[in-house]
Structure formats: structure tokens, C-alpha cells
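Analysis of the macromolecular model
Each chain is listed here by its residues.
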Amino acid sequence: DTAVSQTPKYLVTQMGNDKSIKCEQNLGHDTMYWYKQDSKKFLKIMFSYNNKELIINETVPNRFSPKSPDKAHLNLHINSLELGDSAVYFCASSQLILNTEAFFGQGTRLTVV
Amino acid sequence: GENVEQHPSTLSVQEGDSAVIKCTYSDSASNYFPWYKQELGKRPQLIIDIRSNVGEKKDQRIAVTLNKTAKHFSLHITETQPEDSAVYFCAASGAAGNKLTFGGGTRVLVKP
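First, a word on what this report is: a plain description of the structure on this page.

Calculation rules
- Every chain's residues receive numbers from 1 upward, in the order its sequence appears when written.
- Naming scheme: in the order in which they are written, chains are lettered from A and ligands are numbered from 1.
- Given that this is a predicted model, residues contribute local features only at a pLDDT of at least 70 and side-chain atom pairs are listed and counted only at 80 or more, while totals for whole chains, interfaces and linings are drawn from all residues.
- Hydrogens and water are ignored here; the side-chain numbers use all heavy atoms of the structure.
- We call two residues in contact whenever any of their non-hydrogen atoms come within 4.5 Å of each other.
- Buried area: the accessible surface (1.4 Å probe) lost by two parts on joining, summed over both.
- Salt bridges, as used here, are contacts in which a Lys or Arg side-chain nitrogen is within 4 Å of a carboxyl oxygen on Asp or Glu.
- We call two N or O atoms a polar contact when they sit within 3.5 Å, provided that within protein one can donate a hydrogen and the other can accept it, with sequence-adjacent residues counted only if both atoms are side-chain atoms.
- In this description a helix means any DSSP run of H or I spanning at least four residues, a strand means any run of E spanning at least two, and both kinds are numbered starting from the N terminus.
- Residue type decides the class: Asp, Glu, Lys and Arg count as charged, Ala, Val, Leu, Ile, Met, Phe, Trp, Tyr, Cys and Pro as nonpolar, and the leftover types, Gly among them, as polar.
- The buried label goes to any residue with under 20% of its type's maximum accessible area, the exposed label to any with over 50%, and the partly exposed label to all in between, with areas taken from a 1.4 Å probe on protein chains only.
- Two aromatic rings, drawn from Phe, Tyr or Trp (for Trp, its six-membered ring), form a pair once their centres lie within 6.5 Å of each other, and the interplanar angle then sorts them: stacked below 30 degrees, edge-to-face above 60, tilted otherwise.
- Cavity and pocket criteria rest on a 1 Å grid covering protein atoms alone: a 1.4 Å probe that fits but cannot get out defines a cavity, protein on both sides within 12 Å along at least 5 of 7 lines defines an open pocket, and an atom within 4 Å of a point defines a lining residue.
- Grid points are joined across faces, edges and corners, and a volume is the space filled by probe spheres set on the points.
- Disulfides are defined in this document as cysteine sulfur pairs within 2.5 Å.

**Digging into the interface of chain B and chain A**
A common way to state how big an interface is: give the accessible area lost once the parts meet. With 21 residues of chain B at the interface, the matching set in chain A holds 21 residues. For the pair chain B and chain A, the summed buried area comes to about 1,800 Å², and 52% of that belongs to carbon and sulfur atoms. Counting across the chain B and chain A interface gives zero salt bridges. Summed over the shared surface of chain B and chain A, the number is five residue pairs in polar contact (both at pLDDT 80 or more). Listing elements by their share of the side of chain B that touches chain A, those giving two or more residues are β4 (32-38) and β5 (45-51) of chain B. At three residues, the largest contribution of residues to the side of chain B that touches chain A is made by β4 of chain B. Classifying every residue of the side of chain B that touches chain A gives eight nonpolar, eight polar and five charged.

**A look at the environment of Glu58 of chain A**
Along the chain, Glu58 of chain A falls in the loop between β6 (53-57) and β7 (64-70). Looking at Glu58 of chain A, the relative accessible area reads 23%, which means it is partly exposed. As for Glu58 of chain A and Gln95 of chain A, which are separated by 37 residues in sequence, their C-alpha atoms are 20 Å apart. Among all residues touching Glu58 of chain A, those that are not within four sequence positions of it are Lys44, Ile45 and Met46 of chain A together with Lys99 of chain B.

**Details of the pattern of salt bridges**
Residue and element names in this part refer to chain A. Inspection of every chain in the model, using the stated rule, returns five salt bridges over all chains. One salt bridge in this structure joins Arg63 and Asp85, with 2.8 Å as the shortest N-O distance. Of the two residues, Arg63 sits in the loop between β6 and β7 while Asp85 sits in the loop between β8 (73-78) and β9 (87-94), which places them 22 residues apart along the sequence. Each member of the pair, Arg63 together with Asp85, is buried.

**Notes on the environment of Gln106 of chain A**
Residue and element names in this part refer to chain A. Looking at the element boundaries, Gln106 is found in the loop between β10 (103-104) and β11 (108-112). The class of Gln106 is partly exposed, set by a relative accessible area of 24%. Separated by 21 residues in sequence, Gln106 and Asp85 have C-alpha atoms that sit 18 Å apart. Engagement of the side chain of Gln106 in a polar contact is seen with the backbone oxygen of Gln6, the distance being 2.9 Å.

**Describing the packing of aromatic side chains**
All names here are of chain B. The final tally for this structure, using the stated rule, is 13 aromatic pairs over all chains. Relative to Phe73, the ring of Phe33 lies with its centre 4.9 Å away and its plane at 50 degrees, an arrangement referred to as tilted. Here the residue Phe33 occupies a position in strand β4, and Phe73 occupies one in strand β8 (residues 72-77), the gap between them amounting to 40 residues. On the basis of relative accessible area, Phe73 is assigned to the buried category, the value being 0%. Judged by centre distance (5.6 Å) and plane angle (70 degrees), the rings of Trp35 and Phe73 are edge-to-face.

**Things to note about the layout of surface pockets**
Over the atoms rolls a probe the size of a water molecule, and its path tells where empty space is left. Volume-wise, the largest pocket comes out at about 380 Å³. What lines the largest pocket is a set of 24 residues, among which Gln37, Lys41, Val88 and Arg109 of chain A together with Gly41 of chain B lie closest to the centre. Only β9 and β11 of chain A together with β9 (86-92) of chain B provide two or more residues apiece to the lining of the largest pocket. With four residues, the top contributor of residues to the lining of the largest pocket is β11 of chain A. Residue classes in the lining of the largest pocket are distributed as eight nonpolar, nine polar and seven charged.

**Let's talk about the state of the cysteines**
Residue and element names in this part refer to chain A. A full pass over the atoms with the stated rule returns two disulfides over all chains. A disulfide bridge connects Cys23 with Cys91, and the sulfur atoms are separated by 1.8 Å. As the torsion about the S-S bond is roughly -75 degrees, the Cys23-Cys91 disulfide counts as left-handed. Of this pair, Cys23 sits in strand β3 (residues 19-25) while Cys91 is found in strand β9, placing the two residues 68 residues apart along the sequence. On the basis of relative accessible area, Cys23 is assigned to the buried category, the value being 2%.

Here you go:
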């Protein structure tokens, strides 16, 4: 069973469109994250949710809106996509209290044309 | 907030040689330091981690050392093999909501 799964794996879309990426974890973790990996491979945190509540919101444009319907799911909705949003987006989860390993999803490669 | 710097950005070694990657962190409250390996087109995966109450940890060919006073930690890979070729990330957490802050990554190439 896949521990952290995100869909879709690839997403190609035009500028100005709105798109969503879904993430689910079956590890029973209480914390989920979205990371952005740019073309230079730099991994930067975007958001973190603990038990459905937003606890970290880095400097991310308002066009990005995360939603956590329950602690096993964290979706990312992006409005008015721009060329600079092209990147690989990784979902991850961990157990916050224990401060332990974060498990990553397989990534979603978003290409905005 | 936490800032993690990682060096070198690229590292080319001959098969069988050792590879060392170094990281520094800024927040003295950080207490968990994992290392992730990311193969081409794959997700980052944990290879080893260390907590601030330990100075060194080893797992087969990989080892990590931590110097809390100097706020730096290092990854050592001995007897490198071609399958060690990947991008390696150090990270630190423990402060500010326990988010993992990553270093910039080191692309390691092991030449046969």
C-alpha cells in the first residue's frame, strides 16, 4: 500500500487555468505538508496542516489555497496559473509530536504553458 | 526562521571512494536532522537521521555526525557505488511548528 499518494502525477495546463492536486496518506500521521521543488531541485515548504488546521503558511501567493477535509487528506488548489508555477509539488506527512521522518508522495509535475 | 545551507552543490567521486556532504543550520532550537536521497524522477526518501542528543550515527556505509555547538552536521558515504548517484538533501526541524527546512541539495555522481 502506498503510504502517501498524490494525483495526478503529471499536469500540463495553460496559463490562467485553475487546477487541483490531491494528496492522501494512510500512515495515521497528524501533520501534512506541501513542498515545491523548482528546476534547481530546491525543496521549499509551502504549507503545513496539523489535524486539519493550518500551522505553517510560508510566503506563498494567495492563488495557492490548501484544503484539508480530514487529517488524512491535504489538497492544493491553484488559481490563475502562471508560467512560474511550473515545478514539482510534493505532498508529505509526519507525526508532529514525535518530530520524526516525513514521508513524501511521488510528486506532481506541473507544467504551465 | 531556520536556514539550512548545504555544500557542495555537486560532488563527483570515483567508485569506492568516500563522499562527504556538509550542512549548517541557524536555529539552535532545531533538534532533528534527517538526510534524504532523491533519485532522478523519484520522491525524496529518508536514508539516515540524527537527533541533537547524539553526536554520531552509522548505518552500514553511511554515517552522520552532528556538532551542536557549531551548528553543523555532515553525511559520510564510504565505499561509494554507482547506485549512490542521486541528489542528497539535509534538513533540520524542531522549531517553528516542526517544519522540515531543507538544504539546497547535493548532486552526487559516482563514476564507475
